[in-house]
Amino acid sequence: MARKALITGVTGQDGSYLAELLLEKGYRVSGLVRRSSSLNLDRLVDVIDRIELISGDLLDQNSLVAAIQQSEPDEVYNLAAQSFVATSWRQADLTGQFTALGVSRLLEAARTVNPKIRFYQASSSEMFGATKPPQNEDSLFHPRSPYAVAKVFGHYMTQNYRESFGMFACSGILFNHESPRRGLEFVTRKVTNAVARIKLGLQKELAMGNLNARRDWGFAGDYVNAMWMMLQADTPQDFVVATGVSHSVEYLLQIAFRYADLDYKDYVRVDNALMRPAEVDYLCGDAARARQAFGWEPKVTFEQLIAMMVDADLERNRQNPKMAHFVAGM
């Protein structure tokens, strides 16, 4: 009998890659979606006829219970959140409701319906904040945004359900992971889309915030494989998922513009209005535990990732020159 999985956040970058992976492995996949007249299924276009979409909301406990009863999952992957760091300062309460309390609601729904469900929580490297790199599973958390604070709550709540109720519940502390499916509000996609538009003569400059911030960037398609591997283990543990290599935002600009035969210094200007209230200066993950436990390794290099994203944005902007460009900070 095919295994069954329920994915929250299935319409997002990670949800779409995970849905494809699970379908390839023979799963029956259900995705939780909020009731909306403007539901965006673009990332699921290749698999939409092979997954079941179920209405539900992380703000509504009863809808989560109903979704789990309907999908009867062996595994639940909680990828839904208010996930844009910059927005979390403007919408701190809403971020807490979705990104923090949504985790406890979903855990309790799973425990209520079937405590044998294997549960994956999408934790974040942002939880480390000001902690010195390299960061691993034993590093202290020092969150520097409402988003990161909410993620710490969800992370510890997942641990609590594991320790209190014996649930197979684990968190993947994923460092930044990107792809051509990343939203325009995220810095990597903001950059690659701007490079494409400048190359095509559709945009003249790119406003950026802190160019010195350093991140450990990998490919989302590699990282969802680690999510699945965590839930196949004999015992639940939390794992850092990262490349172990960190780059500055300035280096991201250099690589992206150079790929299009451009010099970023001719087009990029620093806008102080795009600086974060509290910056996370340096994230670099140590994924030794994941490597030792189940052999996970990233396959796509940073340079390959950025080239992939620039190529995709060049094609998108050729097809739709009026495609919006985003001006938010990192």
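Think of each chain on its own: its residues are numbered from 1, step by step along the sequence as written. The predicted nature of this model means local features are confined to residues of pLDDT at least 70 and side-chain atom pairs, given and counted, to a pLDDT of 80 or more, with totals for whole chains, interfaces and linings taken over all residues. Note that water and hydrogens are dropped before the side-chain values are worked out from all heavy atoms of the structure.

Undergrad: Quick rundown of the overall build of the chain? Include the residues and the values.
TA: Note on conventions: DSSP H or I runs of at least 4 residues are helices, E runs of at least 2 residues are strands, and numbering of each starts at the N terminus. The secondary structure content of the chain amounts to 10 helices and 13 strands. Throughout, radius of gyration means the C-alpha value; the globule benchmark is 2.2 Å times the number of residues raised to the power 0.38. The C-alpha radius of gyration of the chain comes to 19 Å, within 12% of the 20 Å expected for a compact globule of 330 residues. Considered along the principal axes of its C-alpha atoms, the chain spans approximately 55 × 45 × 40 Å. The burial tally for the chain puts 57% of its 330 residues in the buried class. For the chain, long-range pairs separated by at least 24 residues make up 79% of all intrachain contacts whose partners lie at least 6 apart in sequence. Carbon and sulfur atoms form 47% of the exposed surface of the chain, whose accessible area is close to 14100 Å². Lys and Arg are tallied as positive, Asp and Glu as negative. Neither His nor the chain termini are counted. Where a charge lies is defined by one atom per residue type, namely NZ (Lys), CZ (Arg), CG (Asp) and CD (Glu). Charge separation in the chain, taken as the distance between the mean sites of 36 positive and 38 negative side-chain charges, equals 2 Å. To sort residues, take the accessible area from a 1.4 Å probe on protein chains only and compare it with the maximum for the residue type: under 20% means buried, over 50% means exposed, and anything in between is partly exposed. By definition in these notes, contact holds between two residues if any of their heavy atoms fall within 4.5 Å. Accessibility throughout is a Shrake-Rupley quantity obtained with a 1.4 Å probe, and a residue counts as covered only by protein chains that appear here.

Undergrad: Just give me the short version of the side chain of R182, but keep the residues and values in it.
TA: Locating R182 in the fold gives a position in the loop between β7 (177-178) and α6 (187-199). Relative accessible area serves as the criterion here: at 12%, R182 is assigned to the buried category. Contacts described as polar in this section are N or O atom pairs within 3.5 Å, which, within protein, must combine one atom able to donate a hydrogen with one able to accept it, while residues neighboring in sequence count only if both atoms come from side chains. At 3.0 Å, the side chain of R182 and the backbone oxygen of H177 are in polar contact. When sequence neighbours within four positions are dropped, the list of residues in contact with R182 reads Q13, R43, H177, T188 and R189.

Undergrad: Give me the lowdown on helix α1 (residues 13-24), citing residues and values where you can.
TA: Helix span, as expected, comes to 1.5 Å for every residue beyond the first. The first and last C-alpha atoms of α1 sit 17 Å apart over 12 residues, in line with the 16 Å expected at 1.5 Å per residue. For α1, the buried fraction is high: 11 of the 12 residues fall into the buried class. Following α1 by one or two positions, G26 has its phi on the positive side, about 90°.

Undergrad: Now, about the environment of Y156: what can you tell me, with residues and values included?
TA: Inspection of the secondary structure puts Y156 in helix α5 (residues 146-165). For the pair formed by Y156 and S104, sequence separation is 52 residues and the distance between their alpha carbons is 9.9 Å.

Undergrad: Report on the sheet that holds strand β3 (residues 51-55), specifying residues and quantitative values.
TA: When DSSP finds two or more bridges between two strands, those strands count as paired. A sheet is described by the order of its strands in space; here 7 strands give the open sequence β3-β2-β1-β4-β5-β6-β11, paired in parallel fashion. Across the chains shown, the open sheet's two edge strands, defined by having one partner strand only, are β3 and β11 (239-241). For this sheet, the mean angle separating the axes of adjacent strands, direction not counted, is 25°. Between the N-to-C directions of two axes lies an angle of 0 to 180 degrees, each axis being a line fitted to C-alpha atoms and, for a helix, fitted only over the stretch in contact. The sheet contacts of helix α7 (residues 220-230) involve β4 (75-78), β5 (118-124), β6 (168-174) and β11, and relative to β6 the element is tilted by about 160°.

Undergrad: Describe unusual backbone geometry, listing the residues and the values that go with them.
TA: P134 follows P133 through a cis peptide bond whose omega is -5°. Phi is positive for E72, close to 50°, though the residue is something other than glycine. Mapping E72 onto the fold places it in the loop between α2 (61-71) and β4. With a phi close to 60°, D261 is a non-glycine residue in the positive phi region. Within the secondary structure layout, D261 lies in the loop between α8 (249-259) and β13 (268-270). Residue classification places D261 among the exposed residues on the basis of a relative accessible area of 68%.

Undergrad: Can you lay out the packing of α6 against α8 for me, pointing to particular residues and giving the numbers?
TA: α8 packs onto α6 with a crossing angle of 30° between their chain directions and a minimal axis gap of 10 Å. Here α6 and α8 pass one another in a crossing that is right-handed. Each of V187, T188, V191, V195 and I198 in α6 lies in contact with α8, whose residues at this interface are V249, L252, L253, A256 and F257. Three residue categories are used. Nonpolar comprises Ala, Val, Leu, Ile, Met, Phe, Trp, Tyr, Cys and Pro, charged comprises Asp, Glu, Lys and Arg, and polar comprises the others, including Gly. Grouping the amino acids of the contact of α6 with α8 by side-chain chemistry returns 9 nonpolar, 1 polar and no charged. Helix crossings get a hand from a simple test, with the near helix turned counterclockwise from the far one by less than a right angle marking a left-handed crossing and a clockwise turn marking a right-handed one.

Undergrad: Would you mind going over the packing of aromatic side chains in detail, with residue names and values included?
TA: Note on aromatic contacts: the rings of Phe and Tyr and the six-membered ring of Trp form a pair at centre separations within 6.5 Å, being stacked when their planes are under 30 degrees apart, edge-to-face when over 60 apart, and tilted otherwise. Taken as a whole and assessed by the stated rule, the structure comprises 11 aromatic pairs. Judged by centre distance (5.6 Å) and plane angle (75°), the rings of Y17 and F219 are edge-to-face. Taken together, the positions of Y17 in helix α1 and F219 in strand β10 (residues 218-219) put the pair 202 residues apart, joining distant regions of the chain. Accessibility expressed as a relative area gives 12% for Y17, which makes it buried.

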